[in-house]
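Spelled out, the chains give:
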Amino acid sequence: MLSKRIANYRKLIKRIKYNRYKSNYVFDITSDDLCFKMTFLDYYLNDYIIERIEGRREPETNAIIRSIVSEESNVLELGGCYGYFTTIMANCVGKSGKVVSIEGTPNNFEILSKNMKLNNLNNVELYQLFIIADEGGGNVFFGSEERHAYKVIETLRQEESFNNIEDKVAVPCIQVTSFLDDIDFKPDCIFMDIEGSEIDVFQDFSNGYLKKARPTVVFEIHEGFYSNGKDLNFIKNILKANNYYYRRVQGNLVCLPH
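A brief look at the structure comes next. Being a predicted model, the structure only gives us computed values, none of them experimental.

**Overview of the overall build of the protein**
Helices and strands together make up the secondary structure of the protein, namely 10 helices and 12 strands. Rg of the C-alpha trace for the protein: 19 Å, near the compact-globule value of 18 Å for 258 residues, within the 12% margin. Out of the 258 residues in the protein, the part that is buried amounts to 48%. For the protein, restricting intrachain contacts to residue pairs at least 6 apart in sequence, the fraction spanning at least 24 positions comes to 71%.

**Description of the packing of helix 8 (residues 198-205) against helix 10 (residues 232-241)**
In the contact formed by helix 8 and helix 10, the axes pass within 10 Å of each other and the chain directions differ by 25°. Taken together, the axes of helix 8 and helix 10 lie roughly parallel to each other. Helix 10 is crossed by helix 8, and the crossing has left-handed handedness. Residues Glu198, Ile199, Phe202 and Gln203 of helix 8 form the contact with helix 10, whose own contacting residues are Phe234, Ile235, Ile238 and Leu239.

**Describing the side chain of Ser31**
Tracing the backbone through its elements, the reader meets Ser31 in strand 1 (residues 26-31). According to the relative accessible area criterion, Ser31 is buried, its value standing at 1%. At 3.5 Å, the side chain of Ser31 forms a polar contact with the side chain of Tyr84. Filtering out sequence-adjacent residues up to four positions away, Ser31 remains in contact with Phe36, Gly55, Asn62, Arg66, Tyr84 and Ile88.

**Observations regarding the pattern of salt bridges**
Using the criterion set out here, one finds 11 salt bridges in the structure. With a closest N to O distance of 2.8 Å, Arg57 and Glu51 form a salt bridge. Each member of the pair, Arg57 together with Glu51, is buried. A salt bridge links Glu58 to Arg57, with the nearest nitrogen and oxygen atoms 3.3 Å apart. A relative accessible area of 14% places Glu58 in the buried class. Three or more residues are tied together by salt bridges with common partners; here these are Lys14, Glu54 and Arg56.

Rules behind the numbers
Counting of residues starts from 1 at the beginning of each chain's written sequence and follows it residue by residue. Where totals are concerned, whole chains, interfaces and linings use all residues; where local detail is concerned, this predicted model gives features only for residues with pLDDT of at least 70, and gives and counts side-chain atom pairs only at 80 or more. Remark: hydrogens and water are excluded; side-chain values derive from all non-hydrogen atoms of the structure. Starting at the N terminus, helices and strands are each numbered in turn, a helix being any DSSP run of H or I of at least four residues and a strand any DSSP run of E of at least two. For a compact globule the rule gives 2.2 Å times the number of residues to the power 0.38, and the radius of gyration it is set against comes from C-alpha atoms. Only protein chains enter the accessibility calculation, which uses a 1.4 Å probe; a residue is then buried when its area is under 20% of its type maximum, exposed when over 50%, and partly exposed in between. In what follows, a contact means two residues having at least one pair of non-hydrogen atoms within 4.5 Å. Simply put, an axis is a line fit to the C-alpha atoms, just over the touching stretch for a helix, and the angle between two N-to-C directions goes from 0 to 180 degrees. Just so you know how the angles are binned, under 35 degrees is roughly parallel, over 145 roughly antiparallel, 65 to 115 roughly perpendicular, and the rest oblique. When the near helix sits turned anticlockwise from the far one by under a right angle, the crossing is termed left-handed; a clockwise turn instead gives a right-handed crossing. For this analysis, a polar contact is any N or O atom pair within 3.5 Å, provided that within protein one partner can donate a hydrogen and the other can accept it, and provided that sequence-adjacent residues contribute only side-chain to side-chain pairs. In what follows, salt bridge is the name for a side-chain nitrogen of Lys or Arg lying within 4 Å of a carboxyl oxygen of Asp or Glu.

Shown next, in the form of structure tokens:
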């Protein structure tokens, strides 16, 4: 109990320390042997952002990326967020590789875009899109102050209307395989952190994409967002049917073609 109180006290001290910085401050980040810059605009610097500032956000994910992604690779990132892992991927693929990163939340996309420019990452293409299981089309709507996708995803799953949102921002919906065809991009690796929408992506992938393209796929597991019949076993069955094997690494599933 005492150790937990001490840990919480240390977190509080860090929050106070970092939130003394003015909005738009540019932080120098060091993650292992990589050095880069990040800003978080006017966001409150919570524990998750502080982990990024200190270069210690999800070390197991960092290790997976740096173990799998090689120079000249093509990488698809679904859920770019602020660009912490996007930057690491871009450094791994080098000038001859390419990272395509999708982020749906408008405010996060603005931060992602600024951080790519801060680091002069010309090997990254960014798209502000929202991922769904079917053929795409239409929009989802974010309130202008919305800063994460959780609320939108929850609303979609409850089949509620966005018509009552004032000052809303429209984000186009896409199906991943159709999007990849449209931009003529063939990823060697796909990384996903999309709050349960990996179910939609694998449902899309089950229609022949995995058998044909054979990418390595890594995703963060979000069991709290899964439903009966559309859960982690649903994904594992799709992987097995397409001759993939998988390993769980902390909160991630690493999926590799045989």
